[in-house]
Amino acid sequence: MIIGNKEFDTENKCYIMGILNVTPDSFSDGGKYNTVEAALRHAEKMINEGADIIDIGGESTRPGFTRITDEEEISRVVPVIEAVKKNFDIPISIDTYKYAVAKEAVNAGADLINDICGLKHDNGEMAKLIAESGLPCCLMHNRGDQNYKVFMDDLLDDLRGTLDIAAKAGIGRDKIILDPGICFAKSLENNLEAIDKLDRLVNEFGYPVLLGTSRKSFIGLTLDLPKDERTEGTVATTVIGVMKGAAFVRVHDVRENLRAVRMTEAVMKGYKRG
């Protein structure tokens, strides 16, 4: 898969997507990087620690988040995208479900569109934009309720709906990454099952899969820890993700998770079996 000017061997490696929230209210790091200068410093830190992609988001999607206008979100993300593109040679993802924001982000230089609504937020505008731009996209599982009959079967069926929208819009198969949507419309048990059975998602559709668990509430509930003490829990899920076939992990703590990825890959592939 090509993202920006980089080639990603998604069948044989797992890559690090570093999180850059330029918001005042994100659950883990709200307010830390909501100036261009602070955002640039953090982007540089993540790049130096080994990030392969920087994912920039301008609206918090934590539980109970307050939706902001398209204009406000654009004003947050576009200057940061432009600054990161100017200063660093790294692919940039825009984390938004709004096609108007995605359009301006693409014009500013974004290389990937990360849609937490899996193309289902609007009436096809986002899907059309992605198809016309020719950019790759990450399409996440999400829904309006937690009323599952058989959880993993329903998750896969929901993603089939997303993939149908993508196909009808003309988005190429080689442009799609799927995301199980950890902590979006899921109970604690649902989240644990989605990670444990991530290989079903990998094998069912044959697309690269992104796992985003970093510092999320299910880790806090499992370990009874606040958001700033969830690094080890995140690393554990990253290791499981690599073993289950994830091609990308989306994280706050780049260095720790990259080391875990490399160690896991070494155990899985780094010696000659026989």
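Residues numbered from 1 in each chain as written. Predicted model: local features only at pLDDT ≥ 70, side-chain atom pairs only at ≥ 80, totals over all residues. Heavy atoms only, no water.

1. Observations concerning the nonpolar core
Step number 1: Judged by nonpolar contacts, the single largest core of 63 residues is most densely connected at L20, I56, I81, I176 and L178.
Step number 2: Broken down by element, this core gets its largest block of residues, seven residues, from helix α5 (residues 151–169).
Step number 3: For I56, the residues in contact, after removing those within four places along its chain, are L20, V22, V77, V80, I81, V84, I92, S93, I94 and D95.
Step number 4: Of all hydrophobic cores here, the second largest spans 12 residues; its members include M1, M17, I177 and F248. (Core = buried A, V, L, I, M, F, W, Y, C linked by side-chain atoms within 4.5 Å. Buried < 20%, exposed > 50% of the residue type's maximum accessible area, 1.4 Å probe, protein only. Helix = DSSP H or I, 4+ residues; strand = E, 2+ residues; numbered from the N terminus. Contact = heavy atoms within 4.5 Å.)

2. Details of the packing of helix α9 (residues 231–244) against helix α10 (residues 254–269)
Helix-helix packing is characterised by the crossing angle of the two axes and by the distance between the axes.
Step number 1: It is the contact of α9 with α10, at a shortest axis distance of 9 Å, that shows an interaxial angle of 35 degrees. Regarding α9 and α10, the two cross each other, and that crossing is right-handed. Across from T231, T234, V235, T238, V239, V242 and M243 in α9, the residues of α10 making contact are E256, N257, A260, V261, T264, E265 and M268. (Axes fitted to C-alpha atoms, helices over the stretch in contact; angles between N-to-C directions. Left-handed = near helix turned anticlockwise from the far one by under 90°.)

3. Looking at the sheet that holds strand β7 (residues 137–140)
Step number 1: Here eight strands make up an open sheet; going across it, the order is β8-β7-β6-β5-β4-β3-β10-β9 and the pairing parallel. Of all the strands in the sheet, just β8 (176–179) and β9 (210–211) have a single pairing partner and so form its edges.
Step number 2: The pairing of β9 with strand β10 (residues 248–251) spans two bridges and is parallel. Note that in β10 the partner of L211 across the bridge is V249.
Step number 3: Sheet strands in contact with α5 are β7 and β8, and its direction is about 160 degrees off that of β8. (Pairing = 2+ DSSP bridges.)

4. A closer look at the packing of aromatic side chains
Step number 1: Applying the stated criterion across every chain, the model contains four aromatic pairs.
Step number 2: On the numbers, 5.9 Å between centres and 45 degrees between planes, the contact of F8 with F248 is tilted. Residue F8 is found in the loop between β2 (6–7) and β3 (15–21), and its partner F248 is found in strand β10; the two are separated by 240 residues along the sequence.
Step number 3: On the basis of relative accessible area, F8 is assigned to the buried category, the value being 4%.
Step number 4: Owing to a relative accessible area of 0%, F248 belongs among the buried residues under this scheme.
Step number 5: Summarising the aromatic geometry, the rings of Y148 and F151 are spaced 4.9 Å apart at their centres and angled 85 degrees between planes, so their arrangement reads as edge-to-face.
Step number 6: Taking relative accessible area as the criterion, Y148 reaches 14% and is therefore assigned buried.
Step number 7: Taken together, F8, Y15 and F248 form an aromatic cluster joined through their ring pairs. (Phe/Tyr/Trp six-rings, centres within 6.5 Å; stacked < 30°, edge-to-face > 60°.)

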